[in-house]
Amino acid sequence: YKTASYSFNAPMQTGALLAGASDMEIATIQDVAMPLGVAFQLTDDLLGMFGKTSATGKPVITDLKEGKRTILMFHGFEMATSSQKKILGLHFGNPDVTEQGRAEVKRVLEECGAHAKTQALAAQYASQAGKNMAELQLAPNAKSALTDLIAFTVSRNS
C-alpha cells in the first residue's frame, strides 16, 4: 500500500483539495487511488521479474537478487510444488543469481500459476478503481484521462 499511498492517493487527493473538493469527494478519490496504486505496484512486481531492462529502464534481476517480498513471489512459494520451491529458494535472495537462474524462476512462476494469479489480481484492483471512479463527478476529459491511466496501469511494459 506504500506505492498506492504516496504515488496515487496523496497526489490525487492533494489535487482535489486544491480544486476545492468536498470531504466526500476526497474519500471517493481514495477509493479510486488506492486500488489503482495497488494494481500499478502488482504490475511493477511482474515487470521486475518478467520485464526487459531495455523497456523498464532498471535491471530486472534486482528484485530477485534482493529477495524482494512481492505478491508474485508469495504466490510462487505458496503455489509451487516442493521441487519448484527448491528452485525458488535457490535463487530468491541470492545476490549471485544469474540470468539463467532468473529464467528458471520465471518458468516456475508461470508453471505454478503465480504469474497468472498476480496478473489477475492486478486486473481486479484496476477494475475496482474503474468501478469506484463512476462515483466521482469528473469533467469528460479528466474521466477519459483517468480511464486511460487505469488501463495503462495493467497493460504497461515499462
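Refer to the structure presented above.
Residues numbered from 1 in each chain as written. Predicted model: local features only at pLDDT ≥ 70, side-chain atom pairs only at ≥ 80, totals over all residues. Heavy atoms only, no water.

Engineer: Is there a simple way to explain the overall build of the chain in this structure?
Structural biologist: The secondary structure content of the chain amounts to 9 helices and 0 strands. Sequence-ordered secondary structure for the chain, helices as α and strands as β, is α-α-α-α-α-α-α-α-α. C-alpha atoms of the chain, sized along the principal axes, occupy 55 × 30 × 20 Å. The proportion of buried residues among the 158 residues of the chain is 41%. Sequence-distant contacts in the chain: of pairs separated by 6 or more residues, those separated by 24 or more amount to 70%. Here the chain displays about 8700 Å² of accessible surface, and carbon together with sulfur accounts for 56% of that area. (Helix = DSSP H or I, 4+ residues; strand = E, 2+ residues; numbered from the N terminus. Buried < 20%, exposed > 50% of the residue type's maximum accessible area, 1.4 Å probe, protein only. Contact = heavy atoms within 4.5 Å. Areas by Shrake-Rupley, 256 points an atom, 1.4 Å probe, with all protein chains shown as cover.)

Engineer: Sorry if this is basic, but what is going on with the packing of helix α2 (residues 23-50) against helix α9 (residues 140-155) here?
Structural biologist: Angle between the axes and distance between the axes: these two values describe a pair of packed helices. Two numbers describe how α2 lies on α9: the axes approach to 8 Å, and their chain directions differ by 30°. Taken together, the axes of α2 and α9 lie roughly parallel to each other. Residue-level contacts link V32, L36, A39, F40 and T43 of α2 to L146, L149, I150, T153 and V154 of α9. Looking at the contact of α2 with α9 residue by residue, the classes come out as 8 nonpolar, 2 polar and no charged. (Axes fitted to C-alpha atoms, helices over the stretch in contact; angles between N-to-C directions. Parallel < 35°, antiparallel > 145°, perpendicular 65-115°, else oblique. Nonpolar A, V, L, I, M, F, W, Y, C, P; charged D, E, K, R; others polar.)

Engineer: Which parts of the structure should I look at to understand α9?
Structural biologist: One full turn of an α-helix is made of 3.6 residues, so residues set three or four places apart face in the same direction. A rise of 1.5 Å per residue sets the reference length of α9, with its 16 residues, at 22 Å; its end C-alpha atoms lie 23 Å apart and thus fit the reference within 8%. Residues of α9 that are buried include every one of L146, I150 and T153, and no others. Buried residues of α9 fall within an arc of 60° about the axis and therefore sit on the same side. Residues of α9 that are exposed and point over 90 degrees away from its buried face: P140, N141 and S155. Each element contacted by the buried residues of α9 is listed here: α1 (2-18), α2 and α8 (114-133). (Expected span 1.5 Å × (residues − 1). Arc of directions from axis to C-beta.)

By themselves, these are just geometric observations and shouldn't be taken as functional.
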